[in-house]
Amino acid sequence: MLSLDEARAAILARVRPADRIEHIALAHGLGRTLAGVLAAVVDNPAFDNSAMDGYAMAHADLAAHSFTLPVAGESSCGSAPQRLAPGTAMRIFTGAPLPAGADTVVMQEEVAREGDSARFPQDTPRGDCVRHRGEDFRAGDTLSEPGRRLGAWDLALLSAAGVAELPVYARPRVLVVATGDELVAPGQPLAPGQIYESNRLPTLLQLEALGADAVDGGTVGDDPQALRALLEQSTDFDFVVTSGGASVGDHDLVKQVFAEIGEINFWKARIKPGKPVAFGRAGSRTHFFALPGNPVSSLVTFKLFVEPALIAWHHGRHTDMLLPATVVNAFKRKPGRMEFLRARLWSEGGELKAECLKGQGSHMLGPIRQANGFIRIGEDSAGFAAGERVSVIPL
Ligand code: AMP
Ligand code: MG
């Protein structure tokens, strides 16, 4: 059985990265992954401008005119001002171009207006309150590299830089299927022995957030024929993600059907929850994940395996945000597997704290009410005492 790191390495070694590139409008860039280098079209700031509402002047004129200058002209946002007349100050507003001849701005709160003149403080530094052209970035500077998944903040940067179109990897098509004779959609009445299906929706939504075109394959019963029929279309997909039927029970058929259509690279990892997880590939395009059916196992294995695989497919690099924290309660267990405990994380007095939530069974979704991260325990650990340092991963 593979460790988490071994299982991930096995996956990353077999991911066939995207090669289809498309060009999209900036406004459609959220969650997409860049397929090329993006360079700034303009300098930022585009011109020297004022950081404050106030008055612009040549610094040398201040002392030369006893710190009092007549006010002439105005520079407001969106138009080019006249040249500053020597020995005068110009009214100016935040973001407005600094007039030629000026090198300093004094904010209006520090200025005393006396009719058509203005009196300035004697300690004004030269160059104060001026934002210089190109001090943020210059036209031609690299703003983003291939493999970066774009968030709203990236789109702010690219907008400011004048980038209107993005080269991105075409969305991976991902088929999502739940398996189990007992599963019923929420909203339907439950017959004896039936339960509500809760794995497909979060899987579809998390895939969409990763930039995928997630296709709902619905729920199939524990019937190899039905699953085979569904997975016959798998060559049209870059990934197939199933839940349930991946364990060792008589009705666990996913692995069997995957073995018929492709090659299974591993089945089972030394993690808890989520031991019965399988990964493989079919043909030159399709990657498949058989995730366990227990709802918590399905969520955790998605995070641990599917997300890094999707990122790698997009030419990106995944990293776990592992942080030290002090745990406030004890947890005992049998060593052997790396374990991910749902936890509540918060900061207190500049220190990260963690509470291991009650109800860690892989069928128990209740702790999600409070969970905002995991406590990660190493394979050899027998747990922790209250007050100990642990490793956590915020979600
Ligand atoms: P399995 O992996 O098929 O052996 O299922 C393990 C446990 O998870 C069983 O208790 C199933 O009823 C439950 N389960 C499987 N799939 C789902 C699902 N999609 N939604 C909710 N529970 C599920
Ligand atoms: Mg099942």
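Up top is the structure these notes are about.
Starting afresh in each chain, residues are numbered from 1 along the sequence in its written order. All chains are assigned letters beginning at A, and all ligands numbers beginning at 1, according to the order in which they are written. Side-chain atom pairs in this predicted model are given and counted only at pLDDT of 80 or more, local residue features only at pLDDT of at least 70, and totals for whole chains, interfaces and linings cover all residues. Note that water and hydrogens are dropped before the side-chain values are worked out from all heavy atoms of the structure.

*Asks:* When you look at the overall build of the chain in this model, what are you seeing that I'm missing?
*Replies:* The way it works is that DSSP assigns letters per residue, a run of H or I at least four long becomes a helix, a run of E at least two long becomes a strand, and they are numbered from the N terminus. A count of helical and extended segments in the chain gives seven helices and 28 strands. Each radius of gyration is computed over the set of C-alpha atoms, and the globule rule expresses the reference value as 2.2 Å times the number of residues to the power 0.38. The C-alpha radius of gyration of the chain comes to 30 Å, more than 25% above the 21 Å expected for a compact globule of 395 residues. Seen along its three principal axes, the alpha-carbon backbone of the chain occupies a region of about 95 × 50 × 40 Å. Counting every position in the chain, which comprises 395 residues, the buried fraction comes to 44%. Here's how the labels work: a residue is buried when its accessible area is under 20% of the maximum for its type, exposed when over 50%, partly exposed in between, all with a 1.4 Å probe on protein chains only.

*Asks:* Teacher, can you tell me more about the sheet that holds strand S5 (residues 68–75) here?
*Replies:* Strand pairs in the sheet, formed through backbone hydrogen bonds, run parallel or antiparallel to each other. Two strands make a pair as long as DSSP finds a minimum of two bridges between them. What the six strands build is an open sheet, ordered S7-S4-S6-S5-S9-S8; its pairing is mixed. If you trace the sheet from one side to the other, it starts and ends with strand S7 (104–107) and strand S8 (112–114), each paired once. In this sheet, adjacent strand axes meet at a mean angle of 40° when their direction is disregarded. Of the pairings in the sheet, the one linking S5 to strand S9 (residues 117–119) comprises three bridges and is antiparallel in character. Each residue of the ladder has a partner; that of Thr 68, found in S9, is Arg 119. Helix axes use the C-alpha atoms of the stretch in contact, all axes being lines fitted to C-alpha atoms, and the angles between their N-to-C directions lie in the range 0 to 180 degrees.

*Asks:* I'm lost on the packing of helix H4 (residues 200–209) against helix H7 (residues 295–313) in this one. Help?
*Replies:* Helix-helix packing: each pair is described by the crossing angle between the helix axes and the interaxial distance. Close contact between H4 and H7 brings their axes to 11 Å; oriented N to C, the two are set at 25°. Considering their axes alone, H4 and H7 lie roughly parallel with respect to each other. Handedness of the crossing formed by H4 with H7: right-handed. The segment H4 lies against H7, with Pro 202, Thr 203, Gln 206 and Leu 207 engaging Ser 298, Leu 299, Phe 302, Lys 303, Val 306 and Leu 310. Here the term charged refers only to Asp, Glu, Lys and Arg, the term nonpolar to Ala, Val, Leu, Ile, Met, Phe, Trp, Tyr, Cys and Pro, and the term polar to all other amino acids, Gly among them. Split by residue class, the contact of H4 with H7 holds six nonpolar, three polar and one charged. Orientation labels follow simple angle bins: below 35 degrees gives roughly parallel, above 145 gives roughly antiparallel, 65 to 115 gives roughly perpendicular, and whatever is left gives oblique. The handedness criterion is simple: a crossing whose near helix is rotated anticlockwise from the far helix by less than a right angle is left-handed, and one whose near helix is rotated clockwise is right-handed. Should any heavy atoms of two residues lie within 4.5 Å, those residues are considered in contact.

*Asks:* Sorry if this is basic, but what is going on with H7 here?
*Replies:* What sets the pattern is the α-helix's 3.6 residues per turn: residues three or four places apart point alike. To estimate how far a helix should reach, multiply one less than its number of residues by 1.5 Å. Spanning 19 residues, H7 covers 25 Å between terminal C-alpha atoms, matching the ideal 27 Å at 1.5 Å per step. At every residue, the bend is computed as the angle between two fitted axes, covering the seven residues ending there and the seven beginning there respectively. Bending of H7 peaks at approximately 40° at the position of Phe 302. Taken across its 19 residues, H7 has 17 buried, putting it largely inside the fold. Just downstream of H7 lies His 315, where phi reads positive at about 70°.

*Asks:* Hey, could you run me through the site of ligand 1 in this one?
*Replies:* Inspection of the region around ligand 1 gives 16 residues, with Glu 182, Glu 197, Ser 198, Gly 245 and Gly 293 positioned closest. In the analysis that follows, any N or O atom pair within 3.5 Å is treated as a polar contact, provided that within protein one partner can donate a hydrogen and the other can accept it, and provided that, for residues neighboring in sequence, both atoms belong to side chains. One nitrogen or oxygen atom from the side chain of Glu 197 is found 2.8 Å from a nitrogen atom belonging to ligand 1. Within the contact set of ligand 1, a nitrogen atom lies 3.0 Å away from a backbone nitrogen or oxygen of Ser 198. Contributions of two or more residues to the shell around ligand 1 are made by strand S13 (173–179) and strand S15 (195–196). By convention in these notes, a residue is near a molecule or strand provided one of its non-hydrogen atoms lies within 4 Å of it.

*Asks:* I tried to follow the nonpolar core on my own but got confused; where do I start?
*Replies:* Where a protein is soluble and globular, its nonpolar side chains tend to be buried together. In this description, a nonpolar core means a group of buried Ala, Val, Leu, Ile, Met, Phe, Trp, Tyr and Cys residues linked to one another through side-chain atoms lying within 4.5 Å. One finds Ile 11, Leu 207, Phe 289, Phe 305, Val 306 and Phe 340 to be the most contacted residues of the largest nonpolar core, which totals 39 residues. Only helix H1 (4–14), S13, H4, strand S17 (239–243), strand S21 (286–291), H7 and strand S24 (338–348) provide two or more residues apiece to this core. When residues in this core are grouped by element, the largest group, eleven residues, is from H7. With residues up to four places along the chain from it excluded, the contact list for Phe 289 reads Ile 11, Phe 239, Val 240, Val 241, Thr 242, Phe 258, Ala 278, Phe 279, Phe 305, Val 306 and Ala 309. Membership of the second largest hydrophobic core comes to 17 residues, among which are Leu 227, Ala 246, Leu 253 and Phe 288.

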